[in-house]
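Next come the chains, spelled out residue by residue.
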Amino acid sequence: MPNLDLVTEIKKNLSSLLAKNDLNGAIILAKKFLEVAPNDFYITNVLAVAYFNDGQYRNALVANNNLLKINANSSEAHYNKGLILSKLGDPVAAATAYKHAISLAPKHSLAHNNLANIYMQKGDFEAAKPHLKSAIDYAPNNLNAYINLSIANTHVENFEAAIHWCNQALAVKSHLPAAHKQLGKIYSILGKLDEAKFHYQKTLESIPDDAQTLYNLVMIEKQTHDSNELGRLRHLARRALSQEKRKFVFYSLGKSFDDLHKPRLAFHYFRRANELRKAELGYDVGADETLFEKIQRSFSQKKIPNLVTLPKGKKPVFIVGMPRSGSTLIEQILASHSEVYGANELGKIDEALTYSAILDDISSPKKLGKFRDRYLEHLDRLNTPLKVIVDKSLLNFRWVGLLVSAFPNCKIINVRRDKNAIIWSNYKHYFEAGGLGFTTDVADLRRYHELYEGLMAFWDGQYDDKLYHIDYEQLVSEQSSSIRRMISHIGLEWDPACLLPHLTERAVKTASLSQVREKIYANANASWRAYEQFLGSNKI
């Protein structure tokens, strides 16, 4: 048995090594001591922590599992296991570890917060909310929990609660940039752009080089030669920045020079931003070529069952097409109708595909029913009594065959727009979603647009009577007749509010959040022409 004085001295030395961030020294000393006393809880914990802080997550997991063998009832050991498993990319096992920690220590604020984060990553914001509330109740100074609770409420469109929790965080700490940044995002979604600008500016007072906040600010206001943001961005562009910050600076400068009608400079910065984004995403258009070929082959060879329309419940309207095709305007027009709820880009069809495993056997009625029921569960959770729900997840065009079969009462609206306008509009926008990697390269955009047109032609051949095509150019030139035909196609009585979509107050979460507040204008397709000469070998 080791001498107690020696043990005390070793623990003191370990604490000193950790304090100096000498992780390698702490690992060597801890391993050496554990050869003599393998069941020492404190030393084993230090070893696990040192491995974790050094980025050696698998070694950290082994040490932490040894820790749990010594004391299976240690809430901290279960909590740390959750941290390690999260780093190893296993959120399911991490959630189990956090639940163990909470069962042993119900007031463990950090475990509640981190478990909520996992639910939020899965898109289950309602499951996250009670854990975030517990995290705050048990540790009122846990500022991350306030912000996360605001984010969760934003996603379920409870904006009053989202604002409340940011303000509560500011009541705890008045200069909290994360709270101001989140408030800026909320007010942007709500179309309250003056309030959004105020909070973004407050964020920048605390973190002047917050490139993403600068980008958010630039996106909601037209830049001028005298804009403070332009000066800040030019200054940041000359500094040594991380790739993440540089990306946002370049997108922001591209947009600023676009506002100033300086296409040469704008294209230069858009190109540099997209090069960084493409490298970040690792996108390969070949993977989409394979996917689209597989879709057409599967739906050509197998008979898809048609489910019976449910007598009650929601009636989905799917807006599909290419990003930046004018779909947000279409949704805003539909959501202006008194019987329609615009749900933005729900993104739940892909989740239902995974849950049901329907793509493994598209001819299975059981899996198709599971797919349908899963999606309808998401619609039922929406904060609205309205039955007609618009889902503007545009890439759902890939799954038209499944949508028609699973939801016989649904309507599918394909939005078409001038190809050049679509390609340029996508290229100059930053999309937070990782599934839009094709937007970072003009050649990839051109090829993806070809894939989209080919697949829509295939669906037309299969389900011609189920698809409604609307051309953006015709919509803006023949507004009244185009909108009336679309409303009639959905099966609704006419509502004059549909002719005034810019007056409809609702949350808009896409890249078009400022444009949708404006009246419909007819020259939206002309902007790409200013850049035609700069596209070079990538010329559209």
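Since the structure is predicted, the reported quantities are computational estimates derived from the model, not experimental observations.

**Student:** Looking at this structure, how should I read the environment of Glu 293?
**Tutor:** By the element assignment, Glu 293 lies in helix α17 (residues 285-301). When the C-alpha positions of Glu 293 and Tyr 138 are compared, they lie 53 Å apart, and in sequence the two are 155 residues distant.

**Student:** Sorry, what's going on with helix α14 (residues 228-237) here?
**Tutor:** Residues Glu 229, Leu 230, Leu 233 and Leu 236 constitute the buried set of α14. Angular distribution of buried residues about the axis of α14 spans 125 degrees; they occupy a single face of the element. Against the buried residues of α14 lie α12 (193-206), α13 (211-220) and α15 (243-259).

**Student:** Could you clarify how one ought to interpret the pattern of salt bridges in this entry?
**Tutor:** Where charged atoms of side chains with opposite charge meet at close range, the side chains can pair. Applying the stated criterion to the full structure yields 24 salt bridges. Across the salt bridge formed by Lys 247 and Glu 280, the nearest N and O atoms sit 3.0 Å from each other. Of this pair, Lys 247 sits in helix α15 while Glu 280 sits in helix α16 (residues 263-281), and the two are 33 residues apart along the sequence. On the basis of relative accessible area, Lys 247 is assigned to the buried category, the value being 1%. Measuring nitrogen to oxygen at the nearest pair gives 2.9 Å for the salt bridge that ties Glu 345 to Lys 392. Here the residue Glu 345 occupies a position in the loop between β2 (340-342) and α19 (348-356), and Lys 392 occupies one in the loop between β3 (388-391) and α21 (400-406), the gap between them amounting to 47 residues. You can call Lys 392 buried: its relative accessible area is 1%. Through salt bridges that share partners, Glu 244, Lys 247, Arg 277 and Glu 280 make up one connected network.

**Student:** What's the story with the packing of helix α5 (residues 75-87) against helix α7 (residues 109-121) in this structure? I'm lost.
**Tutor:** When two helices pack together, their arrangement is given by the angle between the helix axes and by the axis-to-axis distance. Put simply, α5 and α7 touch, their axes get as near as 10 Å, and they point 30 degrees apart. Judged by the inter-axis angle, α5 sits roughly parallel to α7. The element α5 and its partner α7 pack so that their crossing is left-handed. Together, Tyr 79, Leu 83 and Ser 86 of α5 and Leu 110, Ala 111, Asn 114 and Ile 118 of α7 make up the contact between the two elements. Classifying every residue of the contact of α5 with α7 gives five nonpolar, two polar and no charged.

**Student:** Sorry if this is basic, but what is going on with the packing of α7 against helix α8 (residues 125-138) here?
**Tutor:** In the contact formed by α7 and α8, the axes pass within 8 Å of each other and the chain directions differ by 160 degrees. Considering their axes alone, α7 and α8 lie roughly antiparallel with respect to each other. For α7 against α8, the interelement crossing comes out left-handed. Side by side, α7 and α8 meet where Ser 109, His 112, Asn 113, Leu 115, Ala 116, Tyr 119 and Met 120 of the first sit next to Phe 125, Ala 127, Ala 128, His 131, Leu 132, Ser 134, Ala 135 and Tyr 138 of the second. A class-by-class count of the residues in the contact of α7 with α8 yields 10 nonpolar, five polar and no charged.

**Student:** What exactly am I supposed to notice about the pairing of β3 here?
**Tutor:** For a regular strand, the rule is simple: side chains alternate between the two faces of the sheet. Neither face of β3 is exposed, since Val 388 and Val 390 on one face and Ile 389 and Asp 391 on the opposite face are all buried. Pairing geometry for strand β1 (residues 315-321) and β3, over four bridges, is parallel. Its bridge partner being in β3, Pro 316 is matched across the sheet by Ile 389. Note: β2 against β3, three bridges, orientation parallel. If you follow Val 340 over to β3, its bridge partner there is Val 388.

**Student:** What exactly am I supposed to notice about the packing of aromatic side chains here?
**Tutor:** For any two aromatic rings, the description comes down to two numbers: the centre-to-centre distance and the angle of the planes. Scanning the model with the defined rule gives 28 aromatic pairs in all. Each ring, one from Phe 397 and one from Tyr 452, has its centre 5.1 Å from the other, and the planes form 75 degrees; the classification is edge-to-face. With Phe 397 in the loop between β3 and α21 and Tyr 452 in helix α23 (residues 442-463), the pair connects residues that are 55 residues apart, well separated along the chain. Owing to a relative accessible area of 0%, Phe 397 belongs among the buried residues under this scheme. The ring centre of Tyr 472 lies 5.0 Å from the NZ or CZ of Arg 417, which sits over that ring. Residue placement shows Arg 484 over the ring face of Trp 494; its charged tip is 4.2 Å from the ring centre.

**Student:** What is the right way to look at the side chain of Asp 441 in this model?
**Tutor:** Locating Asp 441 in the fold gives a position in the loop between α22 (419-427) and α23. Using a relative accessible area of 18% as the deciding quantity, one classes Asp 441 as buried. Within the structure, Asp 441 has its side chain in polar contact with the backbone nitrogen of Ala 443 (distance 2.9 Å). Look past the residues within four positions of Asp 441 in its chain and what remains in contact with it is Lys 278 and Tyr 427.

Calculation criteria
- Residues numbered from 1 in each chain as written.
- Predicted model: local features only at pLDDT ≥ 70, side-chain atom pairs only at ≥ 80, totals over all residues.
- Heavy atoms only, no water.
- Helix = DSSP H or I, 4+ residues; strand = E, 2+ residues; numbered from the N terminus.
- Buried < 20%, exposed > 50% of the residue type's maximum accessible area, 1.4 Å probe, protein only.
- Arc of directions from axis to C-beta.
- Contact = heavy atoms within 4.5 Å.
- Salt bridge = Lys/Arg side-chain N within 4 Å of Asp/Glu carboxyl O.
- Axes fitted to C-alpha atoms, helices over the stretch in contact; angles between N-to-C directions.
- Parallel < 35°, antiparallel > 145°, perpendicular 65-115°, else oblique.
- Left-handed = near helix turned anticlockwise from the far one by under 90°.
- Nonpolar A, V, L, I, M, F, W, Y, C, P; charged D, E, K, R; others polar.
- Pairing = 2+ DSSP bridges.
- Phe/Tyr/Trp six-rings, centres within 6.5 Å; stacked < 30°, edge-to-face > 60°.
- Lys NZ or Arg CZ within 6 Å of the ring centre and 35° of its normal.
- Polar contact = N/O pair within 3.5 Å; in protein donor to acceptor, adjacent residues only side chain to side chain.

Read these as spatial facts, not as claims about activity.
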